[in-house]
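# Per-entry structural report
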Amino acid sequence: QVQLAESGGGLVQAGGSLRLSCAASGPTFSRYVMAWFRQAPGKEREFVAGSSWSGGRTYYADSVKGRFTISRDNAENTVYLQMNSLKPEDTAVYYCGVAASIATIFTHMSAYNYWGQGTQVTVSS
């Protein structure tokens, strides 16, 4: 069974940067699509960015395209989310998830079988 643990969240001013990490346990981490989602208070969990098993294919929500970068290190069982030019509307709890897919990057949370506990990102104006 895969277990995920996010870290790297915090409080940052608008325009600043943060790098989130998601450490995974389990021998099959490298075989699956990984993605970052976020959930703001009173809103549904939404897709942010996803990576194929190799990292060769990535996909981003329009709201973060050009500002966020997803990457993964399969040797370290870790996926990252580099967030630059942060905006107050990026404030949310960020979650990483594992999908039962090798290459197709699904954008709905129902496709993801495992989730971490989340890490809070707060961007002040």
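Anyway, here's the lowdown on the structure attached to this text. Starting from 1, residues in each chain are numbered consecutively following that chain's sequence as written. Only residues with pLDDT of at least 70 get local features here, since the model is predicted, and only at 80 or more are side-chain atom pairs given and counted; chain-wide, interface and lining totals rely on the full set of residues. Working from all heavy atoms in the structure, the side-chain values ignore hydrogens and water.

### Describing unusual backbone geometry
For N77, which is not glycine, the phi dihedral falls at a positive 55°. Tracing the sequence through the fold places N77 in the loop between β7 (68–73) and β8 (78–83). The backbone phi angle of S85 is positive, close to 50°, even though this residue is not glycine. Numbering of helices and strands runs from the N terminus, with a helix taken as a DSSP run of H or I at least four residues long and a strand as a DSSP run of E at least two residues long. Note on placement: S85 falls in the loop between β8 and β9 (92–99). Any residue under 20% of the maximum accessible area for its type is buried, any over 50% is exposed, and the rest in between are partly exposed; the area is computed with a 1.4 Å probe on protein chains only. By relative accessible area, S85 is classed as partly exposed at 41%.

### Considering the pattern of salt bridges
Basic side-chain nitrogens of Lys or Arg form a salt bridge, by our definition, when they fall within 4 Å of a carboxyl oxygen of Asp or Glu. In this structure the tally under the stated criterion is 4 salt bridges. In this structure, the salt-bridge partner of E46 is R38, at a minimum N-O distance of 2.7 Å. A residue is classified by how much of its surface remains accessible, and E46, at 37% relative accessible area, is partly exposed. The class for R38 is buried, based on a relative accessible area of 6%. Between R38 and D90 there is a salt bridge, with its nearest N and O atoms 2.9 Å apart. Of this pair, R38 sits in strand β4 (residues 34–39) while D90 sits in the loop between β8 and β9; the two residues are 52 residues apart in sequence, bridging distant segments of the chain. A relative accessible area of 1% places D90 in the buried class.

### Quick look at the packing of aromatic side chains
Geometry of aromatic contacts follows a simple scheme: Phe, Tyr and Trp rings, the Trp one being its six-membered ring, pair when their centres are within 6.5 Å, and the pair is stacked under 30 degrees between planes, edge-to-face over 60, tilted otherwise. Across all of its chains, the model carries 5 aromatic pairs by this definition. Relative to F47, the ring of F37 has its centre 5.6 Å away and its plane inclined at 85°; by these criteria the two rings are edge-to-face. In this pair, F37 sits in strand β4 while F47 sits in strand β5 (residues 46–51), placing the two residues 10 residues apart along the sequence. Among the residues examined, F37 registers a relative accessible area of 0% and is labelled buried. According to the relative accessible area criterion, F47 is buried, its value standing at 9%. With a centroid separation of 5.9 Å and an interplanar angle of 50°, the aromatic rings of Y112 and W115 are classed as tilted. The structure contains a cluster of three or more aromatic residues connected by ring pairs, namely F37, F47, Y59, Y112 and W115. As a reminder, the over-ring test applies to NZ of lysine and CZ of arginine, requiring each to be within 6 Å of the ring centre and within 35 degrees of the ring normal. Looking at R19, its charged tip hangs above the ring of Y80, at a distance of 3.9 Å from the centre.

### Focus: the pairing of β9
Within β9, 7 of the 8 residues are buried, leaving the element largely enclosed by the surrounding structure. Bridge analysis of β4 against β9 gives 6 bridges, and the strand direction is antiparallel. For F37, the partnering residue across the bridge sits in β9 and is Y95. For two strands to pair, DSSP has to find at least two bridges joining them. Relative to strand β11 (residues 119–124), β9 runs antiparallel, the two sharing 3 bridges. Paired with Y94 across the bridge in β11 is T119.

Just geometry here; none of it tells us what the structure is for.
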